[in-house]
Amino acid sequence: MIHINNLQKKFGNVHVLRGISCDIQEQEVISIIGPSGSGKSTFLRCINALEDITSGEIIINNFKVHDYKTNLNKLRETVGMVFQRFNLFPHMSVLDNLILAPMDVKNISKTDAIAKAEKLLIKVGLIDKIDTYPSQLSGGQQQRVAIARALMMDPKVMLFDEPTSALDPELVGEVLEVMKSLAIEGMTMIVVTHEMGFAREMSNRIIFIDQGIIQEQGSPEQIFKNPQVERTKLFLSKVL
Ligand code: ADP
Ligand code: MG
């Protein structure tokens, strides 16, 4: 479903991604771990065409992401993204946050968009907040709304960039629960996370990125119990 070949990204003369290649199958749940500044967010942003790339290739669902002929709106319908900061529109109710893009980009009728929003808000446990504003919600609730908003577009893959890092510890669990239920339903997911419990329990594969390259990847079992690369061992010794 996702094919990435020798992806390179420089910001000026800072070489952030130095040749990343990987293939991701439909319904795979990938956790990306690695030290701060290693290029994890840049990697996700390249996948979603939020950054242009220096060289290499990313193909998602047959879309060449950085081909000038690719319709970026179509691509972004395929790829949902959830950020560390919840990025909801503060002046809009929860409902309006959810229905805006589908009505705008996908030309879904308001009635259908509302029906869909209600279904997704039930799914993330926030139907009672449908008419409230983001500022009236806790961080965990806002992040669940952000996930529901991304799901409104029926994405084929969801990217999560440290979705729980900005949350108070007691709010992390409710967001992880929503992500787990998505994974169980078969959503293809790439999750940059420091939640090693989630990574161990929910992912099919863990990718360890350091210094802009994939240093090691494997099943949670392999990576946590038997890491092969010194850098991975060192990183895990600090976070586990
Ligand atoms: P991570 O998410 O793993 O912490 P990032 O992908 O955010 O790492 O950043 C990797 C490196 O790229 C860092 O050195 C960061 O300063 C640099 N970087 C990220 N975005 C930009 C940008 N827009 N302009 C210049 N440098 C950037
Ligand atoms: Mg980051």
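Further up the page is the structure itself.
Predicted, not measured: the structure shown is a model, and the values here were computed from it. (Residues numbered from 1 in each chain as written. Chains lettered and ligands numbered in written order. Predicted model: local features only at pLDDT ≥ 70, side-chain atom pairs only at ≥ 80, totals over all residues. Heavy atoms only, no water.)

## A word on the overall build of the chain
Here is step 1 of the chain: Check the secondary structure of the chain and you find 9 helices and 10 strands.
Here is step 2 of the chain: A compact globule built from 240 residues would reach a C-alpha radius of gyration of about 18 Å, and the chain, at 18 Å, matches this within 12%.
Here is step 3 of the chain: Reported as C-alpha extents along the three principal axes, the dimensions of the chain are approximately 55 × 45 × 30 Å.
Here is step 4 of the chain: Partitioning the intrachain contacts of the chain with sequence separation of at least 6 by distance along the chain shows that 64% fall at a separation of at least 24.
Here is step 5 of the chain: About 11300 Å² of surface is accessible on the chain, with carbon and sulfur atoms providing 47% of the total.
Here is step 6 of the chain: Placing the 26 positive and 28 negative side-chain charges of the chain at their respective mean positions leaves the two points 4 Å apart. (Helix = DSSP H or I, 4+ residues; strand = E, 2+ residues; numbered from the N terminus. Rg over C-alpha atoms; globule rule 2.2 N^0.38 Å. Contact = heavy atoms within 4.5 Å. Areas by Shrake-Rupley, 256 points an atom, 1.4 Å probe, with all protein chains shown as cover. Lys, Arg positive; Asp, Glu negative; His and termini not counted. Charge placed at Lys NZ, Arg CZ, Asp CG, Glu CD.)

## A closer look at the site of ligand 1
Here is step 1 of the chain: Neighbouring residues of ligand 1: Phe11, Val16, Pro35, Ser36, Gly37, Ser38, Gly39, Lys40, Ser41 and Thr42.
Here is step 2 of the chain: The separation between an oxygen atom of ligand 1 and a polar main-chain atom of serine 38 is 3.2 Å.
Here is step 3 of the chain: Between ligand 1 and the protein, one listed contact pairs an oxygen atom with a side-chain N or O atom of serine 41 at 2.8 Å.
Here is step 4 of the chain: For ligand 1, the accessible surface in isolation is 560 Å², of which the surrounding protein chains cover 57%.
Here is step 5 of the chain: Per element, the largest residue contribution to the shell around ligand 1 is 3 residues, and it comes from helix α1 (residues 40-47).
Here is step 6 of the chain: Its residues assigned to classes, the shell around ligand 1 shows 3 nonpolar, 6 polar and 1 charged. (Near = heavy atom within 4 Å. Polar contact = N/O pair within 3.5 Å; in protein donor to acceptor, adjacent residues only side chain to side chain. Nonpolar A, V, L, I, M, F, W, Y, C, P; charged D, E, K, R; others polar.)

## A look at the side chain of threonine 188
Here is step 1 of the chain: Along the chain, threonine 188 falls in strand β8 (residues 188-192).
Here is step 2 of the chain: Residues within four places of threonine 188 in sequence aside, it is in contact with Met1, Ile24, Gln25, Glu26, Gln27, Glu28, Lys156, Val157 and Met158.

## Looking at the packing of aromatic side chains
Here is step 1 of the chain: Per the counting criterion, the structure on display carries 1 aromatic pair.
Here is step 2 of the chain: Ring geometry for phenylalanine 208 versus phenylalanine 235: centroids 5.3 Å apart, planes at 35 degrees, classification tilted. One end of the pair, phenylalanine 208, is in strand β9 (residues 205-210); the other, phenylalanine 235, is in helix α9 (residues 230-239), and 27 residues separate them in sequence.
Here is step 3 of the chain: Its relative accessible area of 0% is what places phenylalanine 208 among the buried residues.
Here is step 4 of the chain: Across from the ring centre of phenylalanine 11, 4.7 Å away, lies the NZ or CZ of lysine 9, which sits over that ring.
Here is step 5 of the chain: The ring of phenylalanine 224 has arginine 200 lying over it, and the distance from NZ or CZ to the ring centre is 4.6 Å. (Phe/Tyr/Trp six-rings, centres within 6.5 Å; stacked < 30°, edge-to-face > 60°. Buried < 20%, exposed > 50% of the residue type's maximum accessible area, 1.4 Å probe, protein only. Lys NZ or Arg CZ within 6 Å of the ring centre and 35° of its normal.)

## What to know about the side chain of arginine 144
Here is step 1 of the chain: Within the secondary structure, arginine 144 sits in helix α5 (residues 139-151).
Here is step 2 of the chain: Judged by its relative accessible area of 11%, arginine 144 falls in the buried class.
Here is step 3 of the chain: Engagement of the side chain of arginine 144 in a polar contact is seen with the backbone oxygen of glycine 125, the distance being 3.4 Å.
Here is step 4 of the chain: When sequence neighbours within four positions are dropped, the list of residues in contact with arginine 144 reads Val124, Gly125, Leu126, Glu174, Val175 and Val178.

## A look at α1
Here is step 1 of the chain: Taken across its 8 residues, α1 has 6 buried, putting it largely inside the fold.
Here is step 2 of the chain: Taken together, the buried positions of α1 are Lys40, Thr42, Phe43, Leu44, Cys46 and Ile47.
Here is step 3 of the chain: Downstream of α1 by one or two residues, alanine 49 has phi in the positive range, about 60 degrees.

## A word on the packing of α5 against helix α6 (residues 169-184)
Here is step 1 of the chain: Running from amino to carboxyl end, α5 crosses α6 at an angle of 20 degrees, the nearest separation of the two axes being 8 Å. Here α5 lies roughly parallel to α6, going by the angle between them. Relative to α6, α5 is oriented so that their crossing is right-handed. Two secondary-structure elements touch here, α5 through Gly139, Gly140, Gln141, Gln143, Arg144, Ile147 and Leu151 and α6 through Leu171, Glu174, Val175, Val178, Met179 and Leu182.
Here is step 2 of the chain: Looking at the contact of α5 with α6 residue by residue, the classes come out as 7 nonpolar, 4 polar and 2 charged. (Axes fitted to C-alpha atoms, helices over the stretch in contact; angles between N-to-C directions. Parallel < 35°, antiparallel > 145°, perpendicular 65-115°, else oblique. Left-handed = near helix turned anticlockwise from the far one by under 90°.)

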